[in-house]
Amino acid sequence: MDLPLIFLGLALIANAHISNALPVGGNAIGSHCKDMVPAHGGMPQTSPAPYTITTDIPAAGYTPGVSYTVTVEATNAIVYPTHGFIAQFRNYNNLTTRGVFTAWDTNISTTADCDRLQDTITHYNPSKVDLPSLINVTWMAPAAGAGPLRIWFVSL
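These numbers come from a predicted model, not from an experiment.

A. The arrangement of the sheet that holds strand β5 (residues 109-112) in detail. Spatially, four strands are ordered β5-β6-β3-β8 in an open sheet, and the strand pairing comes out antiparallel. In this open sheet, the two strands that pair with only one neighbour each are β5 and β8 (149-155). Along the sheet, successive strands turn relative to each other by an average axial angle of 20°, direction set aside. Pairing of β5 with strand β6 (residues 120-123), which is carried by four bridges, proceeds in the antiparallel orientation.

Right, here's the structure in full:
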């Protein structure tokens, strides 16, 4: 099921791919947990995002405590190579992070603690090279009562 992306306020950059930004290595966290605005420079892209985000969450919705695969795939990795990313599932109403991420390949991605333990997944790219065009991670759904969720994703 394709999850809708949210585009509000500073999160307009969630649809952005900052093609002229240079990664600084390590991961993207720190003061960027809430605004998700990269500190790498560049301008947000206004054209459609050069990637798709899919998940195996059923159309009926997630089941609390069940793990799901989230896949990010570059649709034009040659023109828009990915140097880094940050993703969170957030409550649709109050924007708090929900669920727990696990990296499939720790040479590509790592978890971070923003509001909760492992509630954020980001790049681990100290060598400053392009990331693969297909990235998979695991997301474990939160406890019942978390409300409707959306994924927030920023790529650079």
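B. Summary view of the side chain of T122. Relative to the assigned elements, T122 resides in strand β6. Residue classification places T122 among the buried residues on the basis of a relative accessible area of 0%. Separated by 2.7 Å, the side chain of T122 and the backbone oxygen of F85 make a polar contact.

C. A look at the packing of aromatic side chains. Taken as a whole and assessed by the stated rule, the structure comprises six aromatic pairs. One aromatic cluster in this structure is built from Y62, Y68, F89, F101 and W139. Between R90 and the ring centre of W152, over which it is positioned, the NZ or CZ distance is 4.0 Å.

D. Local environment of the sheet that holds strand β2 (residues 67-74). Pairing is antiparallel across the open sheet formed by four strands, whose spatial order is β1-β2-β7-β4. A single partner strand is all that each edge strand has here, and the edge strands are β1 (51-55) and β4 (100-103). On average, each strand axis in the sheet is inclined to that of its neighbour by 25°, with strand direction left out of account. Relative to strand β7 (residues 134-140), β4 is paired through four bridges, and the arrangement is antiparallel. Paired with T102 across the bridge in β7 is T138.

E. Representation of the pairing of β6 in the model. Pairing of strand β3 (residues 85-91) with β6, which is carried by three bridges, proceeds in the antiparallel orientation. Looking at β6, one finds that I86 is bridged to T122.

F. Geometry of the side chain of H123. For H123, the position within the fold is in strand β6. Since its relative accessible area comes to 1%, H123 is described here as buried. A polar contact of 3.4 Å, which involves the side chain of H123, links it to the side chain of T122.

About the thresholds
- Residues numbered from 1 in each chain as written.
- Predicted model: local features only at pLDDT ≥ 70, side-chain atom pairs only at ≥ 80, totals over all residues.
- Heavy atoms only, no water.
- Pairing = 2+ DSSP bridges.
- Helix = DSSP H or I, 4+ residues; strand = E, 2+ residues; numbered from the N terminus.
- Axes fitted to C-alpha atoms, helices over the stretch in contact; angles between N-to-C directions.
- Buried < 20%, exposed > 50% of the residue type's maximum accessible area, 1.4 Å probe, protein only.
- Polar contact = N/O pair within 3.5 Å; in protein donor to acceptor, adjacent residues only side chain to side chain.
- Phe/Tyr/Trp six-rings, centres within 6.5 Å; stacked < 30°, edge-to-face > 60°.
- Lys NZ or Arg CZ within 6 Å of the ring centre and 35° of its normal.

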